Amino acid sequence: MSTAVVDVRHGVVAYDGRPVLRDVSLTVAPGEVVAILGANGSGKSTLVRAILGLVPLAGGTVDLFGTPLRRFRQWRRIGYVPQRIGAGSGVPATVGEVVASGRLARRGVLRPAGAADRRAVTAALTAVGLAERAGDPVATLSGGQQQRTLIARALAGEPEALVLDEPTAGVDAASQEAFAEALRGFNAGGGTVLLVAHELGPLHPLVGRAVVVHDGGIAHDGPVPAPAGHHAVPGHDHVHPHADEEPPTAGTWGR
Amino acid sequence: MSLFQYDFMIRALVGALVIGLAAPALGIYLVQRRMSLIGDGVGHVALTGVGVGLLLDRSPVLTAVLVAAAGAIAIELLRERGRTSGDMALALLFYGGIAGGVMLVGLSADRSNANLMAYLFGSLTTTSAQDLWVIVGLAAAVLVAMVLLRPALFAICHDEEYARVSGLPVRALNLLIAVTTAVTVTIAMRTVGLLLISAMMVVPVAAAQQVTRGFKATMALAMALGLLSAGSGVWLAAQANTALGATIVVLAIAAFLGIAVGSAVWRSLRRRTAPAAAPVAEVEPPEVVLKH
C-alpha cells in the first residue's frame, strides 16, 4: 500500500484551553477525493488548518506524505486554497501576479521566474477559465472569480494534493461549475483532493468519500450521507442563498 | 547649475536621490500589509539611538540603526503574536522612543535645537562625505533585497498563511522587512528627517497606485515618483531656503494630488467620448430557484 497523503491520529486542537477537536483520526490515500462536512462551528475548518500546521495540535500526530508535520518540508506537493483572498490588499495586484505566487513553493525564494513558471501560471489560469483576466487587478473580479484565482494559484505549483477550505461558500453557480471542472481534471491526472464544505453542490459527483465532523469528533466516514433537516425536504435542490448562512470565520474561530 | 558647485549640495542631492528610490521600494510592502505608519514609529525609536550616539560621542547613524532595528524587531514580534494589546505596546514604544531621544540629546554636549531639528526634519548641510558612503551602501542593500525578493515578499504581504503553507521562510522575511525599515529610516534621517521619512515610504506608493493595475507596475512608478520628488526637493529647498525633508514631502504630496486630479479628468473625458461603452459586470445568478 502506498503512503497516505494525510494521516491524522488522535488529533486534539484547543483554542485558549477550549477543545475544538477532541480525538480525530483521518487518513487520505493518494488519488482520493475526500470531503469534510459538518455544521458551522463543528471544527471542520480547524481540522484542515491543523493538518497544514496553521493551528497547533494540543495532542496526537499529523503525517503528510509519511513525514511528521514538524519535519515536513516538501510543501510543493501540497496546494492550499484558503476561504478568502488574503487581507493584504492595500496595493493593487493583477490576477497573474497572485497566481504566480503559487510557483514559489516549487522554485524557492531566490530563483527568478522562468519559462516553466510562466507556462504553469497560464495553464492554471486556463484550467479555471480566467486566462483572459491575467492582467486585470484582482479587486475588479467577482467573489467567485477571486475564489477561482486562489484555486489557480494552488494549481500553478503543480501539487500532488489540493487542500481546500470551503471553496464554494458564497460562490456563484457559474464559478462553482468551472471550479468542479478544474478539480475533476486535477483528480483525473492522479491528484488527491481534501476539501472542507458546508454543502457539496456541483462537487457531489466528484467526491468519493465524506467525513462528517460533529461535536469535536468524526461522526461518519464513508459514502456521502443523505442530507438532514431542511436539506432533506423533497424538492430541495441545494441551491439557496449563502449570505445569511455563512457567518464570517472571524466570528466563529477567532482570527 | 551654480547651486551644485558646492560639495554639500552634491552630497545632499545624492543622499536624497537614493532615499527617494529606496524608501518606496520598501514602503510598498508596508502599504500592502496596511502598516503604513510603521516607518513613523521606527523613526520615533531611532531618535533615542541618535541621543545615545551624541551622548557617547559616537556616530549617531550607527547607534540609530541599532536602536531602530531593535525597536522594529520588537514591533514585528508583537504583530506576529496578533495580540490586541499590540496597539498599546506600539504607543509606548513610539512615545518612549521620541521622549527618550529628546532627553538624551538635551543631555549631550552638542545640545543645540538646530541640531535636533536637523534630525527631525532633515537638512541640506548635515550630510558629511563619510555619511554619504554609508547612506549609499545601505540604500543599495535595501534596494537589492526589496527588488530581488519581490515575489516572496509580495506573497507574504498578500497572504501570510498561504506563504506559510508554501514553505516560505515567513518569519525570516518578516524580520528582514523590519530590519530594512530600520535601516531605511536611519539613512534617511540626514536628508528627510525622522518625522517625515515614513511619508517617503507611503506617499509615492499611494500616488502610483491610483493609476496602476499590478504590484510590479506600482513599485516601478512609486520609485520613479520618489526619485523625482527627492531630486526636485533638493533644488527647491536650496532656492527657497526651506527644510529639505519637508520640501521633498510637500512635492511628493503634490504629485499625489496631481495624479488624483489628472486621472479623474482623464476618466471623465473617456466616459464622455464613449458613453455607450459602460459594460455591466458579469451578472451573478440569483442562486435561488425563481418560479416562472
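**Some words on the confidence of the model for chain A**
Detailed reading of the predicted coordinates is not advisable wherever pLDDT is low. Model confidence for chain A is summarised by a mean pLDDT of 84, while 86% of its residues fall at 70 or above. Contacts for the low-pLDDT stretch residues 232-255 of chain A, under 50 throughout, to residues beyond four places or in other chains number 30 contacts.

**So, the interface of chain B and chain A**
The interface of chain B with chain A comprises 35 residues on the first partner and 33 residues on the second. Looking at the side of chain B that touches chain A, the elements that each hand over two or more residues are helix H1 (7-32), helix H7 (150-158), helix H8 (160-165) and helix H11 (215-240) of chain B. For the side of chain B that touches chain A, the element with the most residues is H7 of chain B, which contributes six residues. Considered class by class, the residues forming the side of chain B that touches chain A number 17 nonpolar, eight polar and ten charged.

**Some thoughts on the sheet that holds strand E8 (residues 192-196) of chain A**
All names here are of chain A. Reading across the sheet, the six strands line up as E6-E7-E8-E3-E9-E10 and stay open at both edges, with mixed pairing between neighbours. Two strands lie at the open edges of the sheet, namely strand E6 (78-81) and strand E10 (217-222), each paired on one side alone. Within the sheet, the average angular offset between the axes of one strand and its neighbour, ignoring direction, is 15°. With five bridges connecting them, strand E7 (residues 161-165) and E8 associate as parallel partners.

**Thoughts on the nonpolar core**
Residues and elements named next belong to chain B. Counting 163 residues, the largest nonpolar core has Ile19, Ala46, Ala68 and Met200 as its most contacted members. Looking at this core element by element, the count peaks at 15 residues for H1. Ignoring any residue separated from it by four or fewer positions in sequence, one finds Met200 in contact with Ile19, Gly20, Ala23, Pro24, Ala188, Val192, Gly226, Ile248, Val249 and Ala252.

**Observations concerning helix H6 (residues 129-148) of chain B**
Turn by turn, an α-helix covers 3.6 residues, leaving residues three or four places apart pointing in a common direction. Residues and elements named next belong to chain B. Spanning 20 residues, H6 covers 29 Å between terminal C-alpha atoms, matching the ideal 28 Å at 1.5 Å per step. Buried within H6 we find Ile135, Ala139, Val142, Ala145 and Met146. Down the axis of H6, the sector holding all buried residues measures 125°, keeping them to one side. Among the exposed residues of H6, those pointing more than 90 degrees away from its buried face are Ala129, Gln130, Trp133, Gly137 and Val144.

**Focus: the pairing of E8 of chain A**
All names here are of chain A. For E8, a buried count of five out of five residues is recorded, marking the element as mostly surrounded by other parts of the structure. Of the two faces of E8, both are covered, the one formed by Thr192, Leu194 and Val196 as well as the one formed by Val193 and Leu195. The pairing of strand E3 (residues 33-37) with E8 spans four bridges and is classified as parallel. Counterpart to Val33 in the pairing with E8 is Val193.

**Describing the environment of Leu21 of chain B**
All names here are of chain B. Secondary-structure assignment places Leu21 in helix H1. Sequence separation of Leu21 and Pro204 is 183 residues, and the distance between their C-alpha atoms is 10.0 Å. Apart from residues no more than four positions distant in its own chain, Leu21 is found in contact with Leu143, Met223, Gly226 and Leu227.

**As for H7 of chain B**
Within H7 of chain B, eight of the nine residues are buried, which leaves it mostly tucked inside the rest of the structure. On its buried face, H7 of chain B is in contact with helix H2 (95-100) and helix H3 (104-107) of chain A together with H1, H8, helix H9 (170-188) and H11 of chain B.

What counts and what doesn't
Residues numbered from 1 in each chain as written. Chains lettered and ligands numbered in written order. Predicted model: local features only at pLDDT ≥ 70, side-chain atom pairs only at ≥ 80, totals over all residues. pLDDT = per-residue confidence, 0-100. Contact = placed C-beta atoms within 7 Å. Helix = DSSP H or I, 4+ residues; strand = E, 2+ residues; numbered from the N terminus. Nonpolar A, V, L, I, M, F, W, Y, C, P; charged D, E, K, R; others polar. Pairing = 2+ DSSP bridges. Axes fitted to C-alpha atoms, helices over the stretch in contact; angles between N-to-C directions. Core = buried A, V, L, I, M, F, W, Y, C linked by C-beta atoms within 7 Å. Buried ≥ 20, exposed ≤ 12 C-beta atoms within 10 Å, placed from the backbone. Expected span 1.5 Å × (residues − 1). Arc of directions from axis to C-beta.

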